[in-house]
Amino acid sequence: MRMQSSVRDERAPSRGVSVTRRGLFVLTGSAAVLLAASCGEDPDRTTWTRGADSLPDRQVWAHMVPQGLPLSEDPQTHYGSERPLFLAPAGTPYPQLVQSQLDQARAAGLTGMQILLLEDVNSGDDFVTDWMAAADPTWQDGARGFAVAACVQATSRSGAESLIREYVAAAKDRPSAARIDDALVVWVYDARALSPDDWLACRRGLERDGIAVYIVAELRTAASQNDNAFDAAAVDLYAGLFEAVWLFDDHDFMILPDVARWAREHDTAFAGGILPGYNRETTNGGYVDARATELWRSQWQLQRDAGAGWATAVTWNDVVERTAVQPTTDWGTTRADLTAHYAAQFRGETPPTRDPVGYVTSPQFVLEGRNVLAEGLVINHGAEPVRVRVRVIARDERELASSDPVTVAAGEAGAAVLDRGIEADAGSWVYAVVDVTDGTGRRLSSTRGAPVVVYAPEDPAVPQPARRTYYSLASDRSAAFTDLVAPPPRDADARSLRLTAREPVRSLEVLHNTWPAGLAVGQQDVAYEDPPQSIVGGQDVTTPAHGFTVARAVAQDGTIAYSTPVYRRDDP
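Anyway, here's the lowdown on the structure attached to this text. Everything numeric here is computed off the predicted structure, so don't read it as measured data. Residue numbers run consecutively from 1 along every chain, following the written order of its sequence. Owing to the predicted nature of the model, reporting of local features is limited to residues with pLDDT of at least 70; listing and counting of side-chain atom pairs is limited to 80 or more, with chain, interface and lining totals taken over all residues. Based on all heavy atoms of the structure, the side-chain values leave hydrogens and waters out of the count.

Helix and strand assignments come from DSSP, with helices taken as H or I runs of at least 4 residues and strands as E runs of at least 2, each series counted from the N terminus. Counting secondary structure elements, the protein chain contains 11 helices and 34 strands. Only protein chains enter the accessibility calculation, which uses a 1.4 Å probe. A residue is then buried if its area is under 20% of the maximum for its type, exposed if over 50%, and partly exposed in between. Taken over 572 residues, the protein chain has a buried fraction of 59%. We call two residues in contact whenever any of their non-hydrogen atoms come within 4.5 Å of each other. By sequence separation, contacts in the protein chain at least 24 residues apart represent 73% of the contacts at least 6 residues apart. To measure how exposed things are, a 1.4 Å probe is used in the Shrake-Rupley method; for residues, cover is taken only from the protein chains shown. Here the protein chain displays about 22,300 Å² of accessible surface, and carbon together with sulfur accounts for 46% of that area.

Attention now goes to the pattern of salt bridges. Salt-bridge detection follows one rule: a side-chain nitrogen of Lys or Arg within 4 Å of a carboxyl oxygen of Asp or Glu. This structure, assessed with the given rule, holds 29 salt bridges. Close ionic contact of aspartate 435 with arginine 391 constitutes a salt bridge, the shortest N to O distance being 2.8 Å. Highlighted residues: aspartate 435 in strand β21 (residues 429-437) and arginine 391 in strand β17 (residues 386-394), separated in sequence by 44 residues. A residue is classified by how much of its surface remains accessible, and aspartate 435, at 4% relative accessible area, is buried. The salt bridge involving arginine 498 is made with aspartate 525; its shortest N-O contact spans 3.4 Å. Of the two residues, arginine 498 sits in strand β26 (residues 498-501) while aspartate 525 sits in strand β29 (residues 525-527), which places them 27 residues apart along the sequence. With relative accessibility at 29%, the residue aspartate 525 sits in the partly exposed group. When salt bridges that share partners are traced, they join Glu82, Arg83, Arg322, Asp330, Glu509 and Arg552 into one network.

With that out of the way, let us pick up the environment of proline 327. With respect to the element layout, proline 327 can be found in the loop between β13 (311-314) and α10 (334-347). According to the relative accessible area criterion, proline 327 is buried, its value standing at 7%. Considered as a pair, proline 327 and phenylalanine 86 are 241 residues apart in the sequence and their alpha carbons are 8.1 Å apart.

A separate point is the packing of helix α5 (residues 157-171) against helix α6 (residues 196-208). Angles run from 0 to 180 degrees between N-to-C directions of axes, and those axes are lines fitted to C-alpha atoms, restricted for helices to the stretch in contact. At a minimum axis separation of 10 Å, α5 and α6 run at an interaxial angle of 35°. For the pair α5 and α6, the crossing hand works out as right-handed. The residues of α6 that touch α5, namely those facing Arg157, Ala160, Glu161, Ile164 and Arg165, are Asp198, Trp199, Ala201, Cys202, Gly205 and Leu206. Definitions for this section: a left-handed crossing has its near helix turned counterclockwise from the far helix by less than a right angle. A right-handed crossing has that turn clockwise.

Moving on, we come to the pairing of β13. Here β13 shows no split at all, with Ala311 and Ala313 on one side and Thr312 and Val314 on the other all buried. Strands were regarded as paired on the criterion that DSSP finds at least two bridges between them. Note: strand β3 (residues 60-64) against β13, 4 bridges, orientation parallel. Directly across from tryptophan 61, in β13, lies its bridge partner threonine 312.

Across the sheet, 4 strands lie side by side as β20-β16-β14-β24; this open sheet has antiparallel pairing. Every interior strand has two partners, whereas the edge strands, β20 (413-421) and β24 (470-474), have only one. Strand-to-strand twist in this sheet, taken as the mean axis angle between neighbours without regard to direction, amounts to 15°. Bridging between strand β16 (residues 371-379) and β20 involves 9 bridges; their strand directions are antiparallel. If you follow isoleucine 379 over to β20, its bridge partner there is alanine 413. In this fold α10 packs onto β14 (357-363), β16, β20 and β24, with an angle of close to 45° to the strand it touches most, β16.

Moving on to the sheet that holds β26. Overall, antiparallel pairing links the 3 strands, which are arranged β25-β26-β29 in an open sheet. Because the sheet does not close on itself, it has two edges, and the strands there are β25 (485-486) and β29. As paired elements, β26 and β29 share 3 bridges and run antiparallel to each other. Each residue of the ladder has a partner; that of threonine 500, found in β29, is aspartate 525.

To estimate how far a helix should reach, multiply one less than its number of residues by 1.5 Å. Relative to the 20 Å expected for 14 residues at 1.5 Å per residue, helix α8 (residues 252-265) spans 19 Å between its end C-alpha atoms, a close match to the ideal helical length. Residues Asp252, Ile255, Leu256, Val259, Ala260, Trp262 and Ala263 constitute the buried set of α8. Contacts from the buried residues of α8 go to α7 (232-235), β9 (244-246), β10 (269-270) and α9 (294-305).

This next bit is on the nonpolar core. Buried together is how nonpolar side chains tend to be arranged in soluble globular proteins. Judged by nonpolar contacts, the single largest core of 104 residues is most densely connected at Met113, Tyr167, Trp187 and Trp199. With residues up to four places along the chain from it excluded, the contact list for methionine 113 reads Trp61, Ala62, Met64, Ala105, Trp131, Phe146, Ala147, Val148, Ala149 and Trp316. To define a nonpolar core, start from buried Ala, Val, Leu, Ile, Met, Phe, Trp, Tyr and Cys residues and group those joined through side-chain atoms within 4.5 Å. With 30 residues, the next largest nonpolar core counts Val360, Val386, Ala416 and Val430 among its residues.

In structure tokens:
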């Protein structure tokens, strides 16, 4: 989510629009009678900061689920195969974990974080006070620092009002609490859970007590349940009730321009909202193929072209739905680094000059005879153009396919993509390799990705649902597995695999059929265990004992390495 600092921005004053009874008729059409009737004795009293250009600056926000991941493995609860790169051993002080996420968010180009708070679960000061404590020092000496705001999800007027009031009290005198002029920014998820009447009454009650808020509301567009279309009639009743709207929809790329247009037509600011892909990891859960980084890159362009006043990443850390843009074990820093690149463009800033970085992104698995999608991305913050090419090679180093080279200009990001069938038998594996060269053909980097394991289509070890998911590595943060981990004895039994790092690493894990089957955090060795039967929310991920086992190590500096797969053809 976006948000303005607690320091008033004199360069971009917000527009004050008095929402009178007459104004409500203009803004909401046939809903005006309903809304005006709920205004109480003094319908002309409210003055809200409104207008399509009322968002100051060009802020870059993200939505986060505060609960995050457990510090140590709970045998009853798993959160999928993806883990945040700030994961720390049990006993790590909580403020240290918050500071680590804050540092990662700022490195990813974010200027603010909206933190989800649930009615009957949280109070309005949960988590946000921890984040504000970490973010307040970034506002020292007149600096424009990192902003924090609550994101309220409520199903009753009293619940929404209580959360907002509690947050307002917690945000008092906090430099990092997001404000536009004198109004605290409050994000709302699923604003349509309350009626327009309830929202108007809630806002009147806050105003009577002198509480000024700037509400950025998500209107539950539900495009994926509505033929991938934006149903304006479903949200028209809420026009004029909020200063700004944002978009959270698993098919947001289908409707983002329509939502932005709707906001302009109703003199409401649009705060953006894009996802890098979506996978709820259940048979009937929503799914949108990320297509490596293609969707994320195109979404940034779409968000900018739609005229969003702020840019919003949805989400920062939801690894269960695979929408996280924070650095994770599956994605490395790829999504975060891309976010930093596009955030700088969105804000009109010049990123620091650095050597070009290549990124290799490839599927975690492929079915025999199906296409392999492999991407070679370059973020080129150097002074000269570079060229990038992606190849797919067999385990014996034979080249199976190669893309044409793509030129990426200085200051830009660009990708070479392969999406084709290859000759690889079930029970084998392949690798994507990304080569980056300068204008003379001199190789700047060559990065091998994680192994892409090949299943027979009927193999019961195929992860279910059999959706395409990805691993990604950066050229400056990848290593050979044997550089970090001692090879197991040649006679080691794959069913009781034990790995030992050469020195303590950030994490060492065993993935069986892409699911976690052993994890060590801040330690040197890990043993294979039974794969999980379900992940958070009771989502079924049962996987048989046979199939592929791959180890992954993350060094203290965030470097990631993958082992050669072990394929077990028979049940024990």
